[in-house]
Amino acid sequence: MRIPYIMTPGPTEVSENVRIARSIRCTNPDLDNKFYDFYKETCNRLGKVLNTKNEVRVLCGEGILGLEAACASLTEKGDRVLVIDNGIFGEGFADFIRLYCGKVVFFKADRKHAINIEDLKEFLDKDNDFKYATVVHCDTPSGVLNDISKICPLLKKYGILTVVDSVAAMGGENLEVDKWNIDIVIGGSQKCISAPPGLTIVSISKDAFSSMENRKSPIGSFYCNLLAWKNYYEDKWFPYTPPVSDIYGLREAVDNILKDKEILNRHKNIASSTRYAVRKAGLDLYTEDGYSSTVTVIQVPDGIQDNKLREYMEENYDVMIAGSFGYLKGEVIRIGHMGENARYDKVSYTLYALQQSLEKFGFKCACDMSSCFLNSVKNTENNHYKHNLVCQ
Ligand SMILES: *Cc1c(COP(=O)(O)O)cnc(C)c1O
């Protein structure tokens, strides 16, 4: 099977060392005490990426499992939960909360902008009786990035637990779980972490655990029960058999991130240079502020069908980019420059391929996007440019 460059906002490219790690012999993870140590150390290293001393767990399902597990574990019948919604994933939290019989209250905001802190504060001054609140770090379908460094401390001031979907940001955006008071943060293996799909990462604060322990009713799920994972190490008991190979691969991917001292700067530089090139070419970005460093979302020019454009790009240039879904279906195209895709060579080739394809469908770019991108990169990051230009 021919696999193109997957320049999508997840799943992302998986590096060779991660692929090799996934092929080593498996132990019996339920019985081998050394595997409990390996798992624990993997969680500790993830804690370094998240800047937290909170408990970290790796669950065996992709990001959605982490989102549902947070809601299942915290929600009791009738609990009021605040859903901060300025995008598709933001709104989506409400479904999980309702499944576990919570009462959803929305804070709805414009989907082209990051959450405005002053507006949120004004809202909370009037109503703050919530058990927890949910917010998305980078809402991938639109690419809007919310400033959780401000949102979560504000919520905590009102005594509200904070749940953050950072699936599309963890590993590509700065994330300071302890400093920012994030009770539960959720990540996924297949986005910036750049391991294959299949695992979700959650960090859980003491406050979150004690809220679960003080429930009046039991958690209404086994697979989504975070409390079941609390004492796995002391008890030498996993709630279910962990996918050993996935975790071997994840460990390697996490080490790649920890070794890569420039990773966050590179994401930033690539994202701002992509925006620069795209705008200079005469294209429009979807959001008006709150730009994510992990994905660039571009409006499809009038008269072009996004699926035809993407098909042409893949057929002729071997690059896959993404469309979007929900209310954005057909409206935007998305370039994922996260994790292993946050490489100058890959993004510059992607912009070249996009330009050729746009021009094939009659949209004339006002500049050479690929060169614009590389020039912008060079201007912003002279020192690191040479070392990181070619993908490793
Ligand atoms: C990808 C993603 C998820 C998880 O969805 P998957 O089904 O694992 O792809 C959740 N939230 C956000 C913001 C995401 O980008």
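Residues numbered from 1 in each chain as written. Predicted model: local features only at pLDDT ≥ 70, side-chain atom pairs only at ≥ 80, totals over all residues. Heavy atoms only, no water.

**Thoughts on the packing of aromatic side chains**
So, point 1. With the rule as written, the count across this model stands at 20 aromatic pairs.
So, point 2. Aromatic pair Y39 and F238: ring centres 5.1 Å apart, planes at 65°, arrangement edge-to-face. With Y39 in helix 2 (residues 33-50) and F238 in the loop between helix 8 (232-235) and helix 9 (244-259), the pair connects residues that are 199 residues apart, well separated along the chain. Of the two residues, Y39 and F238, both sit in the buried class.
So, point 3. Through a chain of ring-to-ring contacts, three or more aromatic side chains come together here, namely F35, Y36, F38, Y39, Y223, W229, Y232, Y233, F238, Y240 and Y248. (Phe/Tyr/Trp six-rings, centres within 6.5 Å; stacked < 30°, edge-to-face > 60°. Helix = DSSP H or I, 4+ residues; strand = E, 2+ residues; numbered from the N terminus. Buried < 20%, exposed > 50% of the residue type's maximum accessible area, 1.4 Å probe, protein only.)

**Examining the domain arrangement of the protein chain**
So, point 1. According to the domain assignment, the protein chain consists of domain 1 (16-259) and domain 2 (261-391).
So, point 2. For domain 1 versus domain 2, the distance between C-alpha centres works out to 28 Å.
So, point 3. Facing 25 residues of domain 1, the contacting portion of domain 2 comprises 26 residues.
So, point 4. Across the domain 1/domain 2 interface, buried area totals approximately 2100 Å², and carbon plus sulfur atoms make up 57% of it.
So, point 5. In this structure, the connection of domain 1 to domain 2 is made through zero salt bridges.
So, point 6. Applying the counting criterion to the domain 1 and domain 2 interface returns 13 residue pairs in polar contact (both at pLDDT 80 or more).
So, point 7. For the side of domain 1 that touches domain 2, the secondary-structure elements that each account for two or more residues are helix 4 (88-99), strand 7 (144-145) and helix 9.
So, point 8. With three residues, the single largest contributor to the side of domain 1 that touches domain 2 is helix 9. (Domains from an automatic or database assignment. Contact = heavy atoms within 4.5 Å. Buried area = accessible area lost by both parts, 1.4 Å probe. Salt bridge = Lys/Arg side-chain N within 4 Å of Asp/Glu carboxyl O. Polar contact = N/O pair within 3.5 Å; in protein donor to acceptor, adjacent residues only side chain to side chain.)

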